[in-house]
Amino acid sequence: MGLMPDIAIHPQQQLGNTLDAVGMQGIEMPVLFDAGDGTLQRASAKVDAFVNLVRKDQRGIHMSRLYLLIDEFLGRQALEAGMLASLLQALLDSHRDLADQARIAIHFQPLIRRRALRSGNSGWRSYPVSIEASLGHEGFRLELGTQVLYSSTCPASAALSRQLIQRQFAQDFPADQPLEHDTVLAWLGGETGIVATPHAQRSVARLRVGFASGAPLNVISLLDRVEAALGTPVQTAVKREDEQAFALANGGNLMFCEDAARRIHRVLDADGSIEDFHVRVEHWESLHPHDAVACVSKGIAL
Ligand SMILES: Nc1nc2c(ncn2[C@@H]2O[C@H](COP(=O)(O)OP(=O)(O)OP(=O)(O)O)[C@@H](O)[C@H]2O)c(=O)[nH]1
C-alpha cells in the first residue's frame, strides 16, 4: 500500500479556533463491572470520548487513537476510578501538544438479580448507569448517574383512609353494643369494613453523584443502599407472599416526595467517598395527572 495522506496533521493554511471538545459519541464497547457479589460482569455500553483541541494550526484530532485506547482499557479492565484516570491520561498522552482536557462518558445497563421479599424466587432488574470522568485543569473528576424505581404510598391518603375506616367501624359497631371478637375479625378482613385504601405510585429517584478522588466505584452497593433507605423498591418475581410483604413495606414506608428525597440525602451524605450529589425524586402520581417532585443536592447546582 502506498503512502496515505493524513490531513489531520496538515497545518492549516488559515488559523482556526481552538475547540472545547472534539471526539466521538455512541461508541459500542463492552464494559466489566463489579456485580456487588465479588464477580465481574460484562455489559454492552455506549461510550462518548472527547478531548479539547488547543492548537489553532492543527485541523483535527486523531479519533482512532482515542478509540483504540478505549478498547484497550474498557474492554479488558474492571470499571473503577483508577482505571478511568489512567485511560484519560492515556487519551491526553495520545494527543500531546494538541489537548489538555479529556472526558469520557460510559452508558450501560447492568442487569442485577434481585431476590423476592419472601418466597425463594428472584428476578432481574436493569438500572441505567452513566459514568462520566474527566481529566484536565481541575484534575480528575468522577461522576455517576443512575436511577432507582420504587413505590410510594401517600401518607395523607393513608391518614384519610384510616379516618374513613374508623367512621365505618363506628357505624357498624355502635359504642353501646358489646364487641364480638369474631365479628370484628371478619369485618377487618372484608371490603365493606376497610372501605378506603390510600393511593400509591410508581416513583423514580434520579441520582448524580460525584466521587472523592481515589474512592471506589461500586455502583451496585450504592443502588442497594438507596433502595434500602426507600424501603419499597419495585419487585421482579412476585408470589402472593411477596406481594403481602410489599404491602407491609409500603405501609411502613409512607412517603411524600420530600420524605423520599430526605431519605436519599441521608444515605449519600453519610458516605465519605461521595463528595457532592444531586437527587431528583419524581412521584408519578395516581391522584393527579401531574407528578410530585423534590430535589436535594450537596455541592452540585440544579
Ligand atoms: N479528526 C477527525 N477524524 C475523523 C472525523 N470523522 C471521521 N474521522 C476519521 O478518523 C480516522 C482516523 O483518524 P486518525 O486517528 O488521525 O488516523 P490515523 O492518521 O491513521 O492515525 P494516527 O497515525 O495515529 O494519526 C480518519 O480516517 C478520519 O477520516 C472527524 O470529524 N474528525
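Thresholds applied
- Residues numbered from 1 in each chain as written.
- Predicted model: local features only at pLDDT ≥ 70, side-chain atom pairs only at ≥ 80, totals over all residues.
- Heavy atoms only, no water.
- Pairing = 2+ DSSP bridges.
- Helix = DSSP H or I, 4+ residues; strand = E, 2+ residues; numbered from the N terminus.
- Axes fitted to C-alpha atoms, helices over the stretch in contact; angles between N-to-C directions.
- Contact = heavy atoms within 4.5 Å.
- Domains from an automatic or database assignment.
- UniProt positions renumbered as here; feature names shortened; annotations may be inferred.
- Buried < 20%, exposed > 50% of the residue type's maximum accessible area, 1.4 Å probe, protein only.
- Polar contact = N/O pair within 3.5 Å; in protein donor to acceptor, adjacent residues only side chain to side chain.
- Phe/Tyr/Trp six-rings, centres within 6.5 Å; stacked < 30°, edge-to-face > 60°.

Colleague: Please set out the sheet that holds strand β2 (residues 40–53) residue by residue, giving values where relevant.
Modeller: Ordered in space as β1-β2-β3-β6-β7-β8-β9-β10, the 8 strands form an open sheet in which the pairing is antiparallel. Edge strands, defined here as strands with exactly one partner in the open sheet, are β1 (19–34) and β10 (292–298). When strand polarity is set aside, the average angle formed by the axes of neighbouring strands in this sheet is 15°. By the bridge criterion, 7 bridges tie β2 to strand β3 (residues 102–108) in an arrangement that is antiparallel. Bridge pairing links Lys46 to His107 in β3. In this fold helix α7 (residues 257–269) packs onto β7 (139–153), β8 (200–211), β9 (274–283) and β10, with an angle of close to 160° to the strand it touches most, β9.

Colleague: So, unusual backbone geometry: which residues are in play, and what are the values?
Modeller: Residues other than glycine seldom take positive phi values, yet Asp97 does so here, at roughly 75°. Mapped onto the elements, Asp97 comes out in the loop between α2 (81–93) and β3.

Colleague: Which residues make up the domain arrangement of the chain, and what values do they have?
Modeller: The domain architecture assigned to the chain consists of domain 1 (15–108), domain 2 (109–154 + 199–302) and domain 3 (155–188). When each unit is reduced to the centre of its C-alpha atoms, the spacing between domain 1 and domain 3 is 64 Å.

Colleague: An account of the UniProt feature "site: May be catalytically important" (unreviewed entry) in the chain is needed here, citing residue identities and associated values.
Modeller: Residues annotated in UniProt with the feature "site: May be catalytically important" (unreviewed entry) correspond here to Cys154. Following the sequence through the fold, Cys154 ends up in the loop between β7 and α3 (155–172). The exposure class assigned to Cys154 is buried, which follows from its relative accessible area of 10%. Once residues lying within four places of it in the same chain are set aside, the contact partners of Cys154 are Pro198, His199, Gln201, Met255 and Phe256.

Colleague: Would you mind going over the side chain of Asp48 in detail, with residue names and values included?
Modeller: Following the sequence through the fold, Asp48 ends up in strand β2. A distance of 2.9 Å separates a polar atom in the side chain of Asp48 from the backbone nitrogen of Gly26. Here the side chain of Asp48 touches His107 through a polar contact of 3.1 Å, side chain to side chain. Apart from the residues within four sequence positions on either side, Asp48 is in contact with Met24, Gln25, Gly26, Arg103, Ile104, Ala105 and His107.

Colleague: I'd like to hear about the packing of aromatic side chains, residue by residue, with values.
Modeller: For any pair of aromatic rings, geometry is given as the distance between the ring centres together with the angle between the planes. If you walk through the whole model with that rule in mind, you get 4 aromatic pairs. The interplanar angle of 75° and the centroid separation of 5.8 Å between the aromatic rings of Phe173 and Trp187 together place this pair among those described as edge-to-face. With Phe173 in the loop between α3 and α4 (181–188) and Trp187 in helix α4, this pair connects stretches of sequence that are 14 residues apart. By relative accessible area, which is 14% here, Phe173 ends up buried. Residue classification places Trp187 among the buried residues on the basis of a relative accessible area of 10%. Here a set of aromatic residues connected by ring pairs shows up, and it is made of Phe169, Phe173 and Trp187.

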